[in-house]
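Each chain is listed here by its residues.
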Amino acid sequence: MSVNSPVRPVMAADILARKGGEPLVCLTAYTTPMARLVDAHCDITLVGDSLGMVVHGLPTTLGVTMEMMILHGKAVARGTSRAMLVIDMPFGSYEESPAQAFANARRLMAETGCAAVKLEGGRHMAGTIRFLVERGIPVMAHVGLTPQAVNALGGYKVQGRGADADRVMEDAIAVAEAGAFSVVLEKVPDGLSQRITQRVAIPTIGIGASAHCDGQVLVLDDMLGLFTDFRPKFVKRYGELGTAADEAIAAYAAEVRARRFPASEHVFPDELKGKQP
Ligand code: KIV
């Protein structure tokens, strides 16, 4: 994004104004080319810490560092001109104190040019969210299944079924009242997601939640079908790029082994005839 850009990027106030209106469209991106594709269609581009698993092959998001978020954040910023760029605060970069959260959020914004940060947690993070918002940092909250707490939650389970519903509802209310401009509801049951959406004044953005949320987010590589062996229930695959890539790589390997690639049109002649390159 550039200050000379003729396109006005989406801001936190624009997202807030969409509460109850046309659904917000959000996807993750981790690289410049993918960010360009996402920017053409989405309201929000999220540099999620899911990049630890999706791009770096880590088992969870717990090993993701500030340096990784900044590197990918800068790459995505180069491909983003219209969508709101939001970057995840990685595990360990904000939980210690509001001051620690401010120092790292400031760094993410200053070094990448992102418009907001996202952090995980409900009531226990409300004070930190308020601290950041009061100091000019827009915050997207994230409740329900919070993957950075996978060890405490005992796995990637649906959150808020039965008697647990009040806890997730209270988390969503707390982050909304603390000043978050939106809240991700991850793996929260349909009915509870609807009730939270009706109850809080900020847009809810669902992932494995409900069509009644104010918006939806998916991990880009999941919805493109880049992984042939990862098929969670909440991901609709809008493409089968993993299969397409596998077929393309197999065809290349076969042609190289058979000396069918490169063909004459892919090599440079020793003598130039006419206007050939
Ligand atoms: O890290 C991520 O990609 C996320 C989204 C799935 C919401 O937090």
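Residues numbered from 1 in each chain as written. Predicted model: local features only at pLDDT ≥ 70, side-chain atom pairs only at ≥ 80, totals over all residues. Heavy atoms only, no water.

## Considering the pairing of strand β8 (residues 215–218)
Inference 1: Where strand β1 (residues 24–28) and β8 come together, four bridges link them in parallel fashion. Following the sheet pairing, C26 is matched in β8 by V217.
Inference 2: Where strand β7 (residues 204–207) and β8 come together, two bridges link them in parallel fashion. Residue pairing across strands places I205 opposite G215, the latter belonging to β8. (Pairing = 2+ DSSP bridges. Helix = DSSP H or I, 4+ residues; strand = E, 2+ residues; numbered from the N terminus.)

## Digging into the pattern of salt bridges
Pairing of side chains with opposite charge becomes possible as their charged atoms draw close.
Inference 1: One pass over the structure, following the stated rule, counts 12 salt bridges.
Inference 2: The salt bridge partner of D214 is K19, with a shortest N-O separation of 2.7 Å. Linking D214 in the loop between β7 and β8 with K19 in the loop between α1 (12–17) and β1, this pair joins segments that are 195 residues apart in sequence.
Inference 3: The class for D214 is buried, based on a relative accessible area of 7%.
Inference 4: Residue E67 is joined to R107 by a salt bridge in which the shortest nitrogen-to-oxygen separation is 3.4 Å. Residue E67 is found in helix α4 (residues 66–78), and its partner R107 is found in helix α5 (residues 98–112); the two are separated by 40 residues along the sequence.
Inference 5: Several salt bridges converge on common partners, so that one network encompasses R123, D164, R167, E170 and D171. (Salt bridge = Lys/Arg side-chain N within 4 Å of Asp/Glu carboxyl O. Buried < 20%, exposed > 50% of the residue type's maximum accessible area, 1.4 Å probe, protein only.)

## A look at the packing of α5 against helix α6 (residues 126–134)
Inference 1: Axis separation between α5 and α6 bottoms out at 9 Å; the angle between their running directions is 45°. Between α5 and α6, the angle falls in the class oblique. When you trace α5 past α6, the crossing you get is right-handed. Seen from α5, the contacting residues are P98, A99, A101, F102 and A105; seen from α6, they are T128, F131 and L132.
Inference 2: When grouped by side-chain class, the residues that make up the contact of α5 with α6 number seven nonpolar, one polar and no charged. (Axes fitted to C-alpha atoms, helices over the stretch in contact; angles between N-to-C directions. Parallel < 35°, antiparallel > 145°, perpendicular 65-115°, else oblique. Left-handed = near helix turned anticlockwise from the far one by under 90°. Contact = heavy atoms within 4.5 Å. Nonpolar A, V, L, I, M, F, W, Y, C, P; charged D, E, K, R; others polar.)

## Comments concerning the UniProt feature "binding site: 3-methyl-2-oxobutanoate" in the chain
Inference 1: The sites that carry the UniProt feature "binding site: 3-methyl-2-oxobutanoate" are, in the present numbering, D49, S50, D88 and K118. For this annotated set, covering 70 residues, all C-alpha atoms fall within 12.4 Å of each other, a compact arrangement in space.
Inference 2: Its location among the elements puts S50 in the loop between β2 (44–47) and α3 (51–54).
Inference 3: Its relative accessible area of 14% is what places S50 among the buried residues.
Inference 4: Discounting residues that sit within four places of it in the chain, S50 has contacts with T28, Y30, T61 and V219.
Inference 5: One polar contact links S50 to Y30, side chain to side chain, over a distance of 2.7 Å.
Inference 6: Its place among the elements puts D88 in strand β3 (residues 84–88).
Inference 7: Setting aside residues up to four positions removed in sequence, D88 forms contacts with L46, V47, G48, D49, M69, L108 and K118. (UniProt positions renumbered as here; feature names shortened; annotations may be inferred. Polar contact = N/O pair within 3.5 Å; in protein donor to acceptor, adjacent residues only side chain to side chain.)

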